[in-house]
Amino acid sequence: MKKEVIDYKAIPGWGMDADPDNEPTYPIKNYTGDDHNRINYERSPQQPVTVEILQSNERPKPSVVFGTSVPPSGLSGIIRRYAFTHSEDRYRHWLPLILADRINVFEGIIDDVRKGHIPNIFAEKGFKATWKYNRQKIVSQVLVTSVVVLTLFSVLKKKK
Amino acid sequence: MNYRGPYRVRTEQRPMPEILHPEDAIVRVTRTCICGSDLHLYHGMVPDTRVGSTFGHEFTGIVEEIGPMVQNLKVGDHVLVPFNIACGKCNFCKQGLYGNCHESNPMATAVGGIFGYSHTAGGYDGGQAEYVRVPYADVGPTVIPPDMDPDDAVLLTDVVPTGYQAAEMGGIKEGDTVVIFGAGPIGIMAARCAWFFGPSRVIVIDHVDYRLEFAKNYAKCEVYNFKSLEDPVLFLKKTTDWYGADVCIDCVGCEAEGNGLQTFTGRKALLQAGAGTALQWAINSVKKGGIVSIVGVYGPPFNLIPIGNVVNKGITIRANQASVKRLLPKLIDHVQSGRLNPKGLITHRIPLEEISEAYNIFSSKLDNCIKTVLIPSAKA
Ligand SMILES: NC(=O)c1ccc[n+]([C@@H]2O[C@H](COP(=O)([O-])OP(=O)(O)OC[C@H]3O[C@@H](n4cnc5c(N)ncnc54)[C@H](O)[C@@H]3O)[C@@H](O)[C@H]2O)c1
Ligand SMILES: [Zn+2]
Ligand SMILES: [Zn+2]
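Residue numbers restart at each chain and count upward from 1, following the sequence in its written direction. Ligands are numbered from 1 and chains lettered from A, in the order in which they are written. Residue-level local features of this predicted model are given only where pLDDT is at least 70; pairs of side-chain atoms are given and counted only at 80 or more, and the full residue set underlies all totals for whole chains, interfaces and linings. The side-chain figures draw on all heavy atoms in the structure; neither hydrogens nor water molecules are used.

(A) Just the site of ligand 1, in detail. Residues and elements named next belong to chain B. Close to ligand 1 lie 34 residues; Ser37, Asp206, Arg211, Glu257 and Ala322 are nearest. Within the backbone of Ile205, a nitrogen or oxygen atom sits 3.4 Å from a nitrogen atom of ligand 1. Here a polar contact is taken to be a pair of N or O atoms separated by no more than 3.5 Å, where protein atoms must pair a possible hydrogen donor with a possible acceptor and residues adjacent in sequence count only if both atoms sit in side chains. The contact in question runs from an oxygen atom of ligand 1 to an N or O atom on the backbone of Ala322, over 2.8 Å. Protein contact buries 96% of the 870 Å² of open area that ligand 1 shows by itself. Of all elements in the fold, only helix 1 (36-42), helix 5 (185-194), strand 11 (201-206) and helix 9 (277-285) reach the threshold of two or more residues within the shell around ligand 1. Counting from the N terminus, the helices are DSSP H or I runs at least four residues long and the strands are E runs at least two residues long. Take the shell around ligand 1: its biggest share by element is 4 residues, from helix 1. Looking at side-chain class alone, the shell around ligand 1 contains 17 nonpolar, 12 polar and 5 charged residues. The start and end points of each domain follow an automatic or database-based domain assignment. There are two domains that each give the shell around ligand 1 at least three residues, and those are domain 1 (2-158 + 323-375) and domain 2 (162-319). Working definition: residue near molecule or strand if any one of its non-hydrogen atoms lies within 4 Å of it. For the area figures, the Shrake-Rupley method with a 1.4 Å probe applies, and any residue is considered shielded solely by the protein chains shown. Asp, Glu, Lys and Arg are counted as charged, while Ala, Val, Leu, Ile, Met, Phe, Trp, Tyr, Cys and Pro are counted as nonpolar; the rest, among them Gly, fall into the polar class.

Here it is in structure tokens:
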């Protein structure tokens, strides 16, 4: 697709009604027109890419700096790599990422166990705080669960 | 801190962060907060939140090490670090949009880099830790003035600028009626900051009574519990002469309650990027030609909001991530002159080691929690 060159300044009235006060972005944005000089800014040296970075396909190269926390790995990593073949506009970018996040939770547990650490999920959920400040919730949950279990149990027993 | 999955976090020893770019600094954290935004991560609502990452975008700390190109900071400085990572050179930064930097996040173009805020926001480890890597150390970090309480300083990294910008984007005029949805730290700060612009009424809506009570005392505003109003929009119309508020501000974001359909599609089925209830109410209760300001955070794909009414009513919507660096000089002055008291929001001080309990307390709104500060044991 070749871009047609239009001599826009020759269009009758071009720019006549431009009003610099019509600037709804003020004062959040200090409009300087820099956007029209967009690719010419002075860039700092690039951070070396030392880990796998999944890059949005809506940009030509990685940003100058980036985080290096938890590079993609395992099954969730494969899904994340797939997600990044689609733009941020697509559901097929975001949904696979959410799916990968859920799978990643299981990978996390496996990883913990492999390192000889059985995760204490109660502790990780801050159970102690619920016990201290909302014991009622725990008591009612325990009550509801026992009622459900007992009912199921007696129903099953009757059937026999 | 270490994220293990929705509602599961713990502390764990990690390798020391390293200088990875000549403009980096390594900061030893002195204070760090848990933010309403962290709850979106904690609840598993933000795509590409990887197990093993460290959250935390509100922190202060002592500079421990600097990269060879850093000029404005020196080892030993006590700094507050804005939550947005900004280069200071791209066209967006140059125009004051430090929350929209184009050189801090390769993983997405819509959002700039944010400390400890998933890979969608750049994959940085955050400040809920003992040490943290701070890129562009000459741009964001600001030395804490010697007479400033570090508790005030840590709230200047996000809560104060966000609350202030929420009000600022509302374009509030003298005599206006301003309605703020959400009485979390951000909504309360927005209500307090709204007064700087001269309204005659500031109304805060939430459904948690202790938070409304806190907001009323802290921000001297009117408060209403939407659970006790049958129809919050109708109520707001009535109380504004059947006209609508001049300005409505969304300080809730994607985990809103109050509308079954929004809650189901947005928070349970994930058919939209969170529940748009507060935004829907904001649009429908602002006057024609009014302004809706949004700082509540929503997920990336899309939300169900009454956009037709935006057109028919001629509403101006203004929204952004707060540009912390742009606002700091003005806000430091408001704090130093005693007009603003950020640390008054802090209700809980918890050692970093008790991170799991700290998250649970803030997330489940236990013990009348408004704002939690975490203190690493190696504190200054
Ligand atoms: N744009 C930014 O720069 C920026 C910065 C910080 C935080 N945030 C966002 O601001 C929002 C608020 O942050 P916070 O720390 O105060 O969080 P928070 O979770 O403590 O507060 C949210 C409050 O909204 C209330 N709420 C729920 N549904 C509501 C409804 N329909 N109407 C009115 N209130 C309702 C909740 O009860 C809660 O008190 C979050 O979405 C957060 O991510 C944005
Ligand atoms: Zn925050
Ligand atoms: Zn920039």
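(B) Here's a closer look at the coordination of the zinc ion (ligand 2). Residues and elements named next belong to chain B. A donor here means an N, O or S atom no more than 2.8 Å from the metal, or no more than 3.2 Å when the metal is Na, K or Ca. Since water is not included, a site may seem to lack partners. Only Cys35 (SG), His57 (NE2), Glu58 (OE) and Asp158 (OD) from the protein coordinate the zinc ion (ligand 2), and they sit 1.8 to 2.2 Å from it. Each of the 4 donor atoms bound to the zinc ion (ligand 2) contributes to angles spanning 90 to 136°, and the resulting shape is irregular. Only protein chains enter the calculation, and the probe is 1.4 Å; a residue is then buried if its accessible area is under 20% of its type maximum, exposed if over 50%, and partly exposed in between. Classification of Cys35 by relative accessible area gives buried; the value is 2%. Under the relative-accessibility criterion, His57 is labelled buried at 1%. When four donors show all angles between 85 and 135 degrees the site is tetrahedral, when four or six donors have opposite pairs over 155 degrees and all other angles between 65 and 115 it is square planar or octahedral respectively, and in every other case it is irregular.

(C) Examining the coordination of the zinc ion (ligand 3) more closely. Residue and element names in this part refer to chain B. Only Cys87 (SG), Cys90 (SG), Cys93 (SG) and Cys101 (SG) from the protein reach the zinc ion (ligand 3) as donors, at distances of 2.3 to 2.4 Å. Between the 4 donor atoms coordinating the zinc ion (ligand 3), the angles at the centre fall across 101 to 118°, so the site counts as tetrahedral. Considered as a linear motif, the donors of the zinc ion (ligand 3) on their single chain read C-x2-C-x2-C-x7-C. According to the relative accessible area criterion, Cys93 is buried, its value standing at 1%.

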